[in-house]
Amino acid sequence: MPDPPGDKVLVTGALGQIGTDLVQALRERHGSDAVIASDIRESAGNSSVEGGPFVILDVLDTDGISSICQSEGVGTIYHLAALLSAVGERDPDLCRRINVGGTISVLEAAKECNLRVYSPSSIAVFGPDSPKHATQDSPLNPTTVYGETKVTGEALAREYLERFNVDTRGIRYPGLISYKAPAGGGTTDYAVEIFHAALNEGHYQCFVRPDTRLPMLYIDDAINATLSLMDSSEDDLGESRVGYNIPCLSFSAGELVDAISDRVQGFTCDFVPDVRQEYADSWPDSIDGSLAEEEWDWTPKYDLASLVDEMLRGISGR
Ligand code: NAD
Ligand code: AKB
């Protein structure tokens, strides 16, 4: 294996919901110039990402990824470029091309340049045959194309680790809740949109039923878990390192509405389920993250009340 070209960090899909917060956190740790944000679209208006180097990069372009890593001295890629469930189910071929093809491109570049790779998975790897409280080893038979691409992503990461010794790691993120960037077209987007609607319009039309319960996490906890996994010694990580369940919250859309109503006077919500209800129903209500807790000692800080407080504070700029 050659030495990695350097110790800088490249983030793909950096303008998305997670990238916007992750790039900022990585720049606080490593310095602005050491973190190269990239996306397929222009960065205009994304102040978190604009505080340092940014390049246009299509994640399907393996040579482009290798060339940036070599010329800029990159040692680690955080691979966030993907299509999420709602957008992905509308165009399954494109979803497969970007999610699976993009992951292969990144892993090929990592093999060539000896890079470390963080590639997130999702609770969407589970399907209707998994228990409602899904464990690390519950069956992975998703009914969404998005979920299939995430199962394949974990398999690819495992293959590159075992066959080519590429240091690959990943977390099965639950629905993530943040305010710095809009949610990117997933089923759990209602849990983000609702806060903006509550403060701006006083009303939200929710696209899942009030009893829809899903695993969720506040973004600061998700970023913290990501950095904590990447900081862990390889010796501590077992076979699940490419797709850890992590400890997280579990609440229904109705409970979220109640928590917001307690804090935003006059807020109302009605429920008009659409096709995304089907995707949500195919996923677990909660997940068991005890393996992540045991292997790399991680637990979340935010509960539903503090998450709601932070979201309302962040959006209203208090
Ligand atoms: P997002 O949709 O907000 O952002 C994805 C970014 O990828 C976008 O900025 C988009 O422009 C970019 N992109 C799309 N096609 C590209 C291409 N060909 N080349 C380069 N960039 C491209 O997604 P996110 O919420 O930030 O999610 C990041 C990762 O985390 C994804 O793998 C997603 O599956 C996973 N994840 C997210 C959540 C969540 O709740 N946000 C939950 C589970 C897993
Ligand atoms: C989505 O809803 O598609 C994502 C996810 C849980 O993977 N937020």
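Before reading further, recall that the structure is shown in the block above.
Remember, it's a predicted structure, so these values are computed and weren't measured experimentally. (Residues numbered from 1 in each chain as written. Chains lettered and ligands numbered in written order. Predicted model: local features only at pLDDT ≥ 70, side-chain atom pairs only at ≥ 80, totals over all residues. Heavy atoms only, no water.)

A.B. asks: Residues and numbers for the environment of Arg96, please.
C.D. replies: Considering the arrangement of structural elements, one finds Arg96 in helix 5 (residues 92–113). Measuring from C-alpha to C-alpha, the distance between Arg96 and Glu295 comes to 31 Å, with 199 residues separating the pair along the chain. What Arg96 contacts, discounting residues up to four positions off in sequence, is Gly101, Val145, Glu148 and Thr149. (Helix = DSSP H or I, 4+ residues; strand = E, 2+ residues; numbered from the N terminus. Contact = heavy atoms within 4.5 Å.)

A.B. asks: Requested: an account of the site of ligand 2, with residues and values cited.
C.D. replies: Inspection of the region around ligand 2 gives Leu84, Ser85, Ser122, Ile123, Tyr146, Gly186, Thr187, Thr188 and Trp283 as its neighbouring residues. A distance of 2.5 Å is found between an oxygen atom of ligand 2 and a side-chain nitrogen or oxygen belonging to Ser85. Within the side chain of Tyr146, an N or O atom sits 2.7 Å from an oxygen atom of ligand 2. Grouping the constituent residues of the shell around ligand 2 by class yields four nonpolar, five polar and no charged. When residues of the shell around ligand 2 are sorted by domain, at least three fall in each of domain 1 (8–174 + 218–236) and domain 2 (175–217 + 248–288 + 301–316). (Near = heavy atom within 4 Å. Polar contact = N/O pair within 3.5 Å; in protein donor to acceptor, adjacent residues only side chain to side chain. Nonpolar A, V, L, I, M, F, W, Y, C, P; charged D, E, K, R; others polar. Domains from an automatic or database assignment.)

A.B. asks: Before we move on, can you summarise the sheet that holds strand 1 (residues 8–12) with the specific residues and values?
C.D. replies: Spatially, six strands are ordered 3-2-1-4-5-8 in an open sheet, and the strand pairing comes out parallel. Of all strands in the sheet, those bounded by a partner on one side alone are strand 3 (54–56) and strand 8 (168–169). Each of strand 1, strand 2 (35–39) and strand 4 (74–79) is contacted by helix 1 (residues 17–30), which is oriented at about 165 degrees to strand 2, the strand it contacts most. Relative to strand 5 (residues 116–118), helix 8 (residues 219–231) is tilted by about 155 degrees, and along the sheet it contacts strand 4, strand 5 and strand 8. (Pairing = 2+ DSSP bridges. Axes fitted to C-alpha atoms, helices over the stretch in contact; angles between N-to-C directions.)

A.B. asks: Explain the site of ligand 1 to me, and be specific about the residues and the numbers.
C.D. replies: Ligand 1 sits among 27 residues. The nearest are Gln17, Asp39, Arg41, Tyr146 and Lys150. Taking Asp39, its side chain carries an N or O atom lying 2.6 Å from an oxygen atom of ligand 1. Here an oxygen atom of ligand 1 and a backbone polar atom of Leu176 are 2.9 Å apart. For ligand 1, whose accessible area on its own is 830 Å², the fraction buried by protein is 93%. Elements with a contribution of two residues or more to the shell around ligand 1: helix 1, strand 6 (121–122), helix 6 (145–164) and strand 10 (175–177). Per-class residue counts for the shell around ligand 1 are 15 nonpolar, eight polar and four charged. Both domains that furnish three or more residues to the shell around ligand 1 are identified here as domain 1 (8–174 + 218–236) and domain 2 (175–217 + 248–288 + 301–316). (Areas by Shrake-Rupley, 256 points an atom, 1.4 Å probe, with all protein chains shown as cover.)

A.B. asks: Now, about helix 6: what can you tell me, with residues and values included?
C.D. replies: Here helix 6 is 20 residues long and its end C-alpha atoms lie 27 Å apart, about the 28 Å a rise of 1.5 Å per residue gives. When we look at burial in helix 6, the residues that qualify are Val145, Tyr146, Gly147, Thr149, Lys150, Gly153, Glu154, Leu156, Ala157, Tyr160 and Leu161. Residues of helix 6 that are buried make contact with helix 4 (85–90), helix 5, strand 6, strand 8 and strand 9 (172–173). Just downstream of helix 6 lies Asn165, where phi reads positive at about 60 degrees. (Expected span 1.5 Å × (residues − 1). Buried < 20%, exposed > 50% of the residue type's maximum accessible area, 1.4 Å probe, protein only.)

A.B. asks: Now, about helix 12 (residues 304–316): what can you tell me, with residues and values included?
C.D. replies: For helix 12, which comprises 13 residues, the first-to-last C-alpha distance of 18 Å matches the rise-based estimate of 18 Å (1.5 Å per residue) to within 8%. Lining the buried residues of helix 12 we find strand 10, helix 7 (190–200), strand 12 (213–218), strand 13 (249–252) and helix 9 (253–261). Measuring from the side-chain oxygen of the N-cap residue of helix 12 to the backbone nitrogen of Ala305 gives 3.3 Å; that N-cap residue is Asp303. Following helix 12 by one or two positions, Gly317 adopts a phi angle in the positive range, close to 70 degrees.

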